[in-house]
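Report on the structure
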Amino acid sequence: VQLVESGGGLVQPGGALRLSCAASGFTFSVYDMSWYRQAPGKERELVAHMTGTGIITNYADSVKGRFTISRDNAKNTVYLQMNSLKPEDTATYYCMARLVDEYWGQGTQVTVSS
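Residues numbered from 1 in each chain as written. Predicted model: local features only at pLDDT ≥ 70, side-chain atom pairs only at ≥ 80, totals over all residues. Heavy atoms only, no water.

Section: a nonpolar patch on the surface
Formally: The residues that make up patches have over 30% relative accessible area and no salt bridge, and they are joined within 9 Å when like-charged or within 5 Å when they are Val, Leu, Ile, Met, Phe, Trp or Tyr. All accessible-area figures derive from a Shrake-Rupley calculation using a 1.4 Å probe, and residue coverage is judged against the displayed protein chains alone. What counts as a salt bridge is simple: a side-chain nitrogen of Lys or Arg found within 4 Å of a carboxyl oxygen of Asp or Glu. Only DSSP runs of H or I covering at least 4 residues are called helices, and only runs of E covering at least 2 are called strands; the numbering of each starts at the N terminus. Think of it in three bands: residues with accessible area under 20% of the maximum for their type are buried, residues over 50% are exposed, and the middle band is partly exposed, with areas taken using a 1.4 Å probe on protein chains only.
A cluster of nonpolar side chains, contributed by Val30, Leu99 and Val100, occupies part of the molecular surface with about 310 Å² of accessible area. Summarising the element assignment, valine 100 is placed in the loop between β9 (91-98) and β10 (102-104). The exposure class assigned to valine 100 is exposed, which follows from its relative accessible area of 83%.

What about the sheet that holds strand β7 (residues 67-72)?
Put simply, the rule reads: Paired strands are those between which DSSP finds at least two bridges. Note on geometry: axes are lines fitted to C-alpha atoms, helical ones only across the stretch in contact, with angles between N-to-C directions running from 0 to 180 degrees.
The strand order across the open sheet formed by four strands is β1-β3-β8-β7, and the pairing between neighbours is antiparallel. Because the sheet does not close on itself, it has two edges, and the strands there are β1 (2-6) and β7. Here the strands of the sheet are splayed against their neighbours by 15° on average, with no regard to which way each runs. As defined by bridge partners, β7 adjoins strand β8 (residues 77-82) across six bridges and the pair is classed as antiparallel. Each bridged residue has a counterpart across the sheet, and for phenylalanine 67 the counterpart in β8 is methionine 82.

Details of the environment of threonine 92
Here is the rule: It only takes one pair of heavy atoms within 4.5 Å for two residues to be counted as in contact. Counted as a polar contact is a pair of N or O atoms within 3.5 Å, where, for protein atoms, one must be capable of donating a hydrogen and the other of accepting one, and residues adjacent in sequence contribute only when both atoms are in side chains.
Tracing the sequence through the fold places threonine 92 in strand β9. With 14 residues separating them along the chain, threonine 92 and glutamine 106 place their C-alpha atoms 9.3 Å apart. Contact partners of threonine 92, with chain neighbours within four places excluded, come to Tyr36, Arg37, Gln38, Gly107, Thr108 and Gln109. Reaching out from threonine 92, the side chain makes a polar contact with the side chain of glutamine 109 at a distance of 2.9 Å.

Here we look at the pattern of salt bridges
Taken as a whole and judged by the stated rule, the model has five salt bridges. With its nearest N and O atoms 2.6 Å apart, the salt bridge here joins arginine 37 to glutamate 45. Residue classification places arginine 37 among the buried positions, given a relative accessible area of 6%. Accessibility expressed as a relative area gives 33% for glutamate 45, which makes it partly exposed. A salt bridge links arginine 66 to aspartate 89, with the nearest nitrogen and oxygen atoms 2.7 Å apart. With arginine 66 in the loop between β6 (57-59) and β7 and aspartate 89 in the loop between β8 and β9, this residue pair connects regions lying 23 residues apart in the sequence. Like aspartate 89, arginine 66 is buried.

Let's talk about the pairing of strand β5 (residues 45-50)
Of the strand pairs in this sheet, strand β4 (residues 32-38) and β5 are connected by five bridges, and their pairing is antiparallel. Pairing of serine 34 across the sheet is with histidine 49, part of β5. The pairing of β5 with β6 spans three bridges and is antiparallel. Paired with histidine 49 across the bridge in β6 is asparagine 58. Here β5 folds back onto β6, and the loop between the two strands holds six residues, one of which, glycine 54, carries a positive phi near 85°.

Structure follows, in structure tokens:
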């Protein structure tokens, strides 16, 4: 089982990034997928969640209207489009797959700074 995030980097406030998480080793389409983030000195928090069918999505209040989670089950990939980025969005972003079991990626760093 492997989850590999990519797309992080340094961006100015107001900018955008698109994170990707490529999955392998399990039946991706039946797993709920989520993005979490963890800033230095803070607990890991849920950012966005999507069911396997893609019908249900949930977002943290702090990112609603700015971030969009999506998935391509044919490519075994989940995405996080992040717009209007703020310095407080700076964190390591992780993707997570959950059914009965749970898998995590290694994380990708997002830094929002001028």
